[in-house]
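Chain by chain, the residues:
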Amino acid sequence: MPPNETRSGANAAIGMTRNQMIAHIRAADVVARDSVVHGHHPFGAVLVGPDNVILMRQGNINTVRHAETELARRAADAYPPEFLWTCTLVSTGESCAMCAGTIYWANIGRFVYGYEEAKLLALTGDDPENPTMHLAARTVLGSGQKKIEVHGPFPELEDELLAPHRDFWKPRSTA
């Protein structure tokens, strides 16, 4: 899709309802919680096709291999850019600058997230495994030539989505 075009015509993604976004955020949360079981940070993301079906799931791997970045890269390898423009990446939390940039470069047309990065920072503090940046995903995605849709946060899900972070980071910050 050319940089300054917006979705239109037969290839346009069918917009998600708020309830569908919430359902997909909760699906990403299942992935995040599963990441912890495997010894990784509690972040999760899903790629949703234009028909609102989940195509891919990804949890965090480590400090550099975030759920959203890994998912966007896998999606870029698996699908053509025109198709990805009709897809949505859904994440438990607001993406960092690296992940937002990868969503942009992968040509994923919509980003949905559950809680703001600032909420996570309040839990992680200065933990070296999560050196949070004060740079909103909307700012990163809005700085490019493509008009990526951004939806979030969803305050009604905040407590639910941050629960695994409270359990995960607490022992680390008191050690």
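Cut-offs used in this document
Residues numbered from 1 in each chain as written. Predicted model: local features only at pLDDT ≥ 70, side-chain atom pairs only at ≥ 80, totals over all residues. Heavy atoms only, no water. Helix = DSSP H or I, 4+ residues; strand = E, 2+ residues; numbered from the N terminus. Contact = heavy atoms within 4.5 Å. Areas by Shrake-Rupley, 256 points an atom, 1.4 Å probe, with all protein chains shown as cover. Core = buried A, V, L, I, M, F, W, Y, C linked by side-chain atoms within 4.5 Å. Buried < 20%, exposed > 50% of the residue type's maximum accessible area, 1.4 Å probe, protein only. Salt bridge = Lys/Arg side-chain N within 4 Å of Asp/Glu carboxyl O. Pairing = 2+ DSSP bridges. Right-handed = clockwise from strand over helix to strand, strands pointing away. Polar contact = N/O pair within 3.5 Å; in protein donor to acceptor, adjacent residues only side chain to side chain. Axes fitted to C-alpha atoms, helices over the stretch in contact; angles between N-to-C directions. Parallel < 35°, antiparallel > 145°, perpendicular 65-115°, else oblique. Left-handed = near helix turned anticlockwise from the far one by under 90°. Nonpolar A, V, L, I, M, F, W, Y, C, P; charged D, E, K, R; others polar.

A.B. asks: Outline the overall build of the protein, listing residues and values.
C.D. replies: Scanning the protein for helices and strands turns up seven helices and five strands. Going from the N terminus to the C terminus, the protein shows its helices and strands as α-β-β-α-α-β-α-β-α-α-β-α. In the protein, the share of contacts with a sequence separation of at least 24, taken over all contacts with a separation of at least 6, comes to 65%. Approximately 8,400 Å² of the protein is accessible, and the part contributed by carbon and sulfur atoms is 55%.

A.B. asks: I'd like a description of the nonpolar core, backed by residues and values.
C.D. replies: Of all hydrophobic cores here, the largest spans 42 residues; its most connected members are Leu 47, Leu 89, Ile 108, Phe 111 and Leu 141. The element contributing the most residues to this core is helix α1 (residues 18-37), with six residues. Those residues in contact with Leu 47 that lie beyond four places of it in its chain are Val 53, Ile 54, Leu 55, Met 56, Leu 71, Ala 75, Tyr 79, Leu 84, Cys 87, Thr 88, Leu 89 and Ile 108.

A.B. asks: Outline the environment of Gly 144, listing residues and values.
C.D. replies: Mapped onto the secondary structure, Gly 144 falls in the loop between α6 (137-142) and β5 (149-151). For Gly 144, a relative accessible area of 31% corresponds to the partly exposed category. Residues Gly 144 and Trp 105 lie 39 residues apart in sequence; the distance between their C-alpha atoms is 9.6 Å.

A.B. asks: Give a description of the pattern of salt bridges that names residues and reports values.
C.D. replies: Counted according to the given criterion, the structure contains eight salt bridges. Between Arg 26 and Glu 160 there is a salt bridge, with its nearest N and O atoms 2.8 Å apart. Of this pair, Arg 26 sits in helix α1 while Glu 160 is found in helix α7 (residues 158-174), placing the two residues 134 residues apart along the sequence. The class of Arg 26 is partly exposed, set by a relative accessible area of 39%. Note that Lys 119 is salt-bridged to Glu 158, the shortest N-O span being 3.8 Å. Of the two residues, Lys 119 is situated in helix α5 (residues 117-124) and Glu 158 in helix α7; the sequence distance between them amounts to 39 residues.

A.B. asks: Please provide a residue-by-residue account of the pairing of strand β3 (residues 88-93), values included.
C.D. replies: In terms of burial, β3 is largely enclosed, as six of its six residues are buried. Note: strand β1 (residues 44-48) against β3, four bridges, orientation antiparallel. By the bridge assignment, Ala 45 is partnered in β3 with Ser 91. With helix α4 (residues 97-106) bridging β3 and the parallel strand β4 (residues 110-115), this β-α-β connection has right-handed handedness.

A.B. asks: Outline the side chain of Thr 86, supporting the account with residue identities and numerical values.
C.D. replies: The residue Thr 86 is located in the loop between α3 (81-84) and β3 in this model. Taking relative accessible area as the criterion, Thr 86 reaches 7% and is therefore assigned buried. Side-chain polar atoms of Thr 86 contact the backbone oxygen of Phe 83, separated by 2.6 Å.

A.B. asks: If you had to explain the packing of helix α2 (residues 67-78) against α4 to someone new, which residues and values would you point to?
C.D. replies: Relative to each other, α2 and α4 sit at 15°, their axes nearing to 8 Å. Comparing the axis directions of α2 and α4 gives the class roughly parallel. In this structure, α2 meets α4 at a crossing whose hand is left-handed. When α2 is examined against α4, the residues Glu 68, Thr 69, Ala 72, Arg 73 and Ala 76 are found in contact with a partner set consisting of Met 98, Cys 99, Thr 102, Ile 103 and Ala 106. A class-by-class count of the residues in the contact of α2 with α4 yields six nonpolar, two polar and two charged.

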